[in-house]
Amino acid sequence: MHNRFRRESRAGLSNPIQNVTKSMSTSQGQYTFYAIIICAIIGMASYKPLIFLVQRFNPAMPPQGAADLANLISYGICVVLLIASLLKMQTIMAVIEKRRLEAFNQRMERRKESNSSDE
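Because the structure is a prediction, the values reported are computed rather than measured.

### Here's the deal with the overall build of the protein
- Looking only at helices and strands, the protein features five helices and zero strands.
- Listing the helices and strands of the protein from first to last along the sequence gives α-α-α-α-α.
- Residues classed as buried in the protein amount to 15% of the 119 residues present.
- Long-range pairs, those at least 24 residues apart, make up 59% of the contacts in the protein between residues at least 6 apart in sequence.
- Working note: accessible area of the protein is about 9900 Å², and carbon and sulfur atoms make up 63% of it.

Shown next as structure tokens:
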């Protein structure tokens, strides 16, 4: 019974951890990961100044309300940046691939030059 369950679960379901590691090995997966991390850092960095600005523009607002509003604004900024960066992924990835190809070609030319000088 236990062996049958194990066989059925292996055949029917995939391991989500394996899917994540496979998608992180691609350049698109790495770009998405970096975009999420950068947007999270921007959100954390913009939170405190936004509290100050909200309290400055509306002094009657209680501190907790200003913190909540600053949190919502920070989330909004992060979401807009993340969506924009993911929509521009194809353009940015084309530039990255072009630079990688140029660097590869330069390395190959250097290797050919060093091989010809050795002979």
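### A word on the packing of helix 3 (residues 27-57) against helix 4 (residues 63-87)
- Running from N to C, helix 3 and helix 4 point in directions that differ by 150 degrees, and their axes come no closer than 8 Å. As judged from the angle between their axes, helix 3 and helix 4 are roughly antiparallel. Here helix 3 runs over helix 4; the crossing is right-handed.

### Brief notes about helix 4
- Its 25 residues give helix 4 an end-to-end C-alpha distance of 36 Å, which sits within 8% of 36 Å, the value for a rise of 1.5 Å per residue.
- Within helix 4 the residues assigned to the buried category are A66, A67, A70, S74, C78 and S85.

### As for the environment of Y31
- Mapping Y31 onto the fold places it in helix 3.
- In sequence terms Y31 and S85 are 54 residues apart; their C-alpha atoms lie 9.4 Å from each other.
- Once residues lying within four places of it in the same chain are set aside, the contact partners of Y31 are S85, L86, M89, I92 and M93.

### Some thoughts on helix 3
- The terminal C-alpha atoms of helix 3 lie 43 Å apart, and with 31 residues this matches the ideal 45 Å at 1.5 Å per residue to within 8%.
- Among the residues of helix 3, those classed as buried are S27, G29, Y31, A35, C39, G43, S46, L50, I51 and V54.

### Notes on the packing of aromatic side chains
- This model, assessed by the stated rule, comprises one aromatic pair.
- Centroid distance F33 to Y34: 5.8 Å. Interplanar angle 55 degrees. Geometry classified as tilted.
- The class of F33 is partly exposed, set by a relative accessible area of 38%.

### Observations concerning the confidence of the model for the protein
- Residues of the protein with pLDDT of at least 70 account for 78%, and the chain-wide mean is 82.
- Put simply, helix 1 (residues 2-12) is where the protein has its lowest mean pLDDT, 53, and helix 4 is where it has its highest, 91.

Procedures and definitions
- Residues numbered from 1 in each chain as written.
- Predicted model: local features only at pLDDT ≥ 70, side-chain atom pairs only at ≥ 80, totals over all residues.
- Heavy atoms only, no water.
- Helix = DSSP H or I, 4+ residues; strand = E, 2+ residues; numbered from the N terminus.
- Buried < 20%, exposed > 50% of the residue type's maximum accessible area, 1.4 Å probe, protein only.
- Contact = heavy atoms within 4.5 Å.
- Areas by Shrake-Rupley, 256 points an atom, 1.4 Å probe, with all protein chains shown as cover.
- Axes fitted to C-alpha atoms, helices over the stretch in contact; angles between N-to-C directions.
- Parallel < 35°, antiparallel > 145°, perpendicular 65-115°, else oblique.
- Left-handed = near helix turned anticlockwise from the far one by under 90°.
- Expected span 1.5 Å × (residues − 1).
- Phe/Tyr/Trp six-rings, centres within 6.5 Å; stacked < 30°, edge-to-face > 60°.
- pLDDT = per-residue confidence, 0-100.

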